[in-house]
Structure formats: C-alpha cells, structure tokens
Amino acid sequence: MTVDPATGTGADLAAVERLQRRYGDVVTRRAWSELADLFEPTCPIHLDLRGGRTVDLVGAGDLATMLTGALERFELFVFTILNSTVEVDHGGAREAIGRVYIRELRQDRDGVWSEAVGVYRDRYRHDGRCWRYAARDYATIARTSRTDVTYEVFEVPT
C-alpha cells in the first residue's frame, strides 16, 4: 500500500489521521456515545493488557461498556498519541492499515499516578461516507504506577 497525494489518497490519509485523533479525544472526554460514529458495527477489538489479561470485544457498544468500567477509578485520564502511521490502499476496497503508539496519563481517586504505553494495530475502511475502524488490535508496551509523583491538576476545558 502506498500513499500518493496526486491520486487523492492524501485526503484519505488526513481523514484517517483525524479518526485516530478523534478516538483519543473521545476517550479522554469519556464521551462514549460518540464512539459509534468511529467504528463499524461489527468491528473486532482485541486488547492484550499483558500479564495474561486479554479482552475481545465487538463494536463501539462493547468498547464503551468496557471503558466505562475500566476508567471509573480514575479522577484524571488523558489519552495521547505519541506517533502513528497510515497506509492507504485504493485497490477498490478503500481500506487502510495503521499503527498508533499511545500514552495514557492517569490519576486514581486515591491520588496514585500511573502511566501506560501501548500500540494499536488498526484496519480502517471507508464506508462510502467516512473512514471508520474495521478492526483494532491493542498491546500494552509498558505500565508504571508511582505514589511519589505530584502534578497540579486543573479542570480540562471543553
């Protein structure tokens, strides 16, 4: 797969990158109702959280339910994209693949700070209207928890 802006794939590349960033924004804001617009209804989602913990989900509804419970303990949760790649294929299928390296900065309700670093390996598909996640595969790369870290936390503007 190649990206050639002269054939129009530059616009597709930008659209997939916006999808990646929108996911990060939705998760940071915990705006679960907005996830449905980002995923195909039958999108398989596999999460390898390490330590023998894996989760398999289907679609935005399953993901929203899982994330709601997983993030409930955090007073602060910020999802950031560290780096990403996208390769668009216009071979009639209007599909793309990509990797997104992420960092989560978190503070639980007891004041304990933690971070996670991971990578998503994604498939994207254009549904005739927009690009959406067709499949996600996540793996945790590193995780830390610190009680001796202090950040001054301010309210995040909406």
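So, here is what we can say about the structure in this document. The structure presented is a predicted model; accordingly, all values stated were derived computationally and were not measured.

The rules behind these values
Residues numbered from 1 in each chain as written. Predicted model: local features only at pLDDT ≥ 70, side-chain atom pairs only at ≥ 80, totals over all residues. Heavy atoms only, no water. Phe/Tyr/Trp six-rings, centres within 6.5 Å; stacked < 30°, edge-to-face > 60°. Helix = DSSP H or I, 4+ residues; strand = E, 2+ residues; numbered from the N terminus. Buried < 20%, exposed > 50% of the residue type's maximum accessible area, 1.4 Å probe, protein only. Lys NZ or Arg CZ within 6 Å of the ring centre and 35° of its normal.

**Here's the deal with the packing of aromatic side chains**
Applying the stated criterion across every chain, the model contains 9 aromatic pairs. Between Y23 and Y120, the ring centres sit 5.9 Å apart and the planes meet at 75°, which makes this aromatic pair edge-to-face. Taken as a pair, Y23 in helix α1 (residues 9-29) and Y120 in strand β5 (residues 113-126) lie far apart in primary sequence, 97 residues in all. The pair Y23 / Y120 is uniform in exposure class, with both members buried. Residues F79 and Y120 carry aromatic rings whose centres are separated by 6.3 Å and whose planes lie at 45° to one another, so their mutual orientation is tilted. On the criterion of sequence distance, the pair formed by F79 in strand β3 (residues 74-89) and Y120 in strand β5 is long-range, its members being 41 residues apart. The exposure classification of F79 matches that of Y120, with both residues buried. Taken together, the ring pairs in this structure connect Y23, F39, F79, Y120, Y124, Y133 and Y138 into an aromatic cluster. A cation sits over an aromatic face here: R136 above Y23, 4.5 Å from the ring centre.

On their own, these measurements won't tell you what the molecule is for.
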